[in-house]
Amino acid sequence: MANTTVQKRIFLSSPHMSGNEIKYINEAFITNWIAPLGPNVDTFEKEIAAYTGVNEAAAVSSGTAAIHLALSLLGVEKGDTVFCSTLTFIASANPILYLGAEPVFIDSEPETWNMSPQALEKAFMDAALNGKLPKAVIVVNLYGQSAKMDELTLLCDQYEVPMIEDAAESLGSSYKGKPSGSFGCFGIFSFNGNKIITTSGGGMLVSNDAEAIHKARFLATQARDPAPHYQHSKIGYNYRMSNILAGIGRAQLEVLEERVEARRAVFERYQQELSTLPGIQFMPELNETYSNRWLTAMTIDEIEADVKVSELIEELAAENIEARPVWKPLHMQPLFKGAKYFTHGDKESVSEQLFANGICLPSGSNMEEIDQSRVINCIKNFINVKEVERKIV
Ligand SMILES: *Cc1c(COP(=O)(O)O)cnc(C)c1O
């Protein structure tokens, strides 16, 4: 029977303020640093650089802008190719198109759901054979889980192609003790409203190459030449973060560790409660990696569970609970029709299987235990009901 009272909406991942944000915003107001840039921006950059163990960071208006700048700095231009993980949000690849370059998509492997070294090697071999290596490889750390960085770095080094680490979802995660985002030539973070910490909107470009980050700041402020009049000899962008938003970021960064712990606790509870159901498997965590578990993701074997992901999402929606399928692979997107794609196995496309069977559950660090119980009970009931129906048939 349908619920007559509308229950509180449970979001996939909603902003979680600490309360301290207002202190830094106030500072900005009192000193009238309202314009883009200012002391909060400088400090936030230094704090992110220190946290991720890199030399420099540039605060920008979004994670997408950070990827765009990274590709520009690597000299990507019209006619070039760029390799990119296929199982990701569109923002990973849109900047490739901004620059008139062509994406080539790389499949996932089952142990991290991230870029398959096997598929990457095939793509490199094909590119080398055609005499046209990519200008960059964009590696995504999905839902907080780090990709197989050792294997991927080795391949990129072997072909001398720079890696950009799209760590938009993995701030606070680590791989073999090293912070996520610090592996590529460039790393990028996002502070969009749904990410593990937020500035309402914003991003960060990080690198050990301090000179490149200085250049990024120049490009992000309309590429203004050092002259008293306004002089420009390069294409620039208006991509810098505002001093007010950087203030929010500073306060959010102070509680990042707590946010990671909270999301991991959410994941563990789901796993404890649901992993015994037929056909359910949780996104793995690779040995020697520590995921921030930004979103809890799992797969449902349609035959074993006798439940389709789409049916479960509808069922949850009817209870005012937001759940989503995993990202639709980019090589399947109409926008990228005709783009090259390299699979993990000879005929096995791991990303397509994950898309068919994967679901992301509400995972906010501010989710209360009784809200999580609502999600868990809804899933248990739905799968059990189906189970009973099947037995009767
Ligand atoms: C959120 C996200 C981005 C983009 O970040 P914005 O700040 O929203 O521009 C890029 N890549 C991935 C994988 C993301 O999840």
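Residues numbered from 1 in each chain as written. Predicted model: local features only at pLDDT ≥ 70, side-chain atom pairs only at ≥ 80, totals over all residues. Heavy atoms only, no water.

Peer 1: Please clarify how the UniProt feature "active site" (unreviewed entry) in the protein chain should be interpreted in this entry.
Peer 2: UniProt records the feature "active site" (unreviewed entry) at Lys195, using the numbering of this structure. Mapped onto the secondary structure, lysine 195 falls in the loop between β8 (186–190) and β9 (203–207). (UniProt positions renumbered as here; feature names shortened; annotations may be inferred. Helix = DSSP H or I, 4+ residues; strand = E, 2+ residues; numbered from the N terminus.)

Peer 1: Is there a simple way to think about the pattern of salt bridges in this case?
Peer 2: One side chain can pair with another of opposite charge once the charged atoms of both are near each other. With the rule as written, the count across this model stands at 13 salt bridges. Here arginine 250 and glutamate 47 are joined by a salt bridge, their closest N and O atoms 3.8 Å apart. Note that arginine 250 is positioned in helix α8 (residues 243–254) and glutamate 47 in helix α2 (residues 39–52), a separation of 203 residues in sequence. The partner of lysine 340 in a salt bridge is aspartate 126, with the nearest N and O atoms 2.8 Å apart. In this pair, lysine 340 is assigned in strand β14 (residues 340–342) and aspartate 126 in helix α5 (residues 117–129), connecting sequence segments 214 residues apart. Three or more residues are tied together by salt bridges with common partners; here these are Glu45, Glu56, Arg217 and Arg240. (Salt bridge = Lys/Arg side-chain N within 4 Å of Asp/Glu carboxyl O.)

Peer 1: Would you take a moment to explain the layout of surface pockets for this structure?
Peer 2: A probe matching the size of a water molecule, rolled over the atoms, marks out where space remains unfilled. One number sums up the size of the largest pocket: a volume of about 470 Å³. Taken together, 31 residues form the lining of the largest pocket, with Phe89, Asn192, Asn194, Lys195 and Trp327 sitting closest to its centre. Contributions of two or more residues to the lining of the largest pocket are made by α3 (63–73), β8 and β13 (324–325). Of all the elements, α3 adds the most residues to the lining of the largest pocket, at three residues. Along the lines of polarity and charge, the residues of the lining of the largest pocket split into 14 nonpolar, 12 polar and five charged. Each of domain 1 (21–254) and domain 2 (256–392) gives at least three residues to the lining of the largest pocket. The calculated volume of the second largest pocket comes to roughly 310 Å³. Considering the residues around the second largest pocket, the lining is formed by 16 residues, among which Trp113, Gln281, Thr299, Leu354 and Asn357 are closest to the centre. For the lining of the second largest pocket, the secondary-structure elements that each account for two or more residues are β10 (280–282), β12 (296–300) and α12 (350–357). (1 Å grid on protein atoms, 1.4 Å probe; cavity = no way out; pocket = protein on both sides within 12 Å on 5 of 7 lines; lining within 4 Å. Points joined across faces, edges and corners; volume = space filled by probe spheres on them. Nonpolar A, V, L, I, M, F, W, Y, C, P; charged D, E, K, R; others polar. Domains from an automatic or database assignment.)

Peer 1: What exactly am I supposed to notice about the sheet that holds strand β15 (residues 358–361) here?
Peer 2: Sheets are built from strands that pair by backbone hydrogen bonding, the pairs being arranged parallel or antiparallel. Across the sheet, four strands lie side by side as β10-β12-β15-β13; this open sheet has antiparallel pairing. If you trace the sheet from one side to the other, it starts and ends with β10 and β13, each paired once. Relative to β15, β13 runs antiparallel, the two being bridged by two bridges. Across the sheet, residue arginine 324 finds its bridge partner in β15, namely cysteine 360. Where helix α11 (residues 309–318) meets the sheet, it contacts β12, β13 and β15, and its direction lies at approximately 20° from that of β15. (Pairing = 2+ DSSP bridges. Contact = heavy atoms within 4.5 Å. Axes fitted to C-alpha atoms, helices over the stretch in contact; angles between N-to-C directions.)

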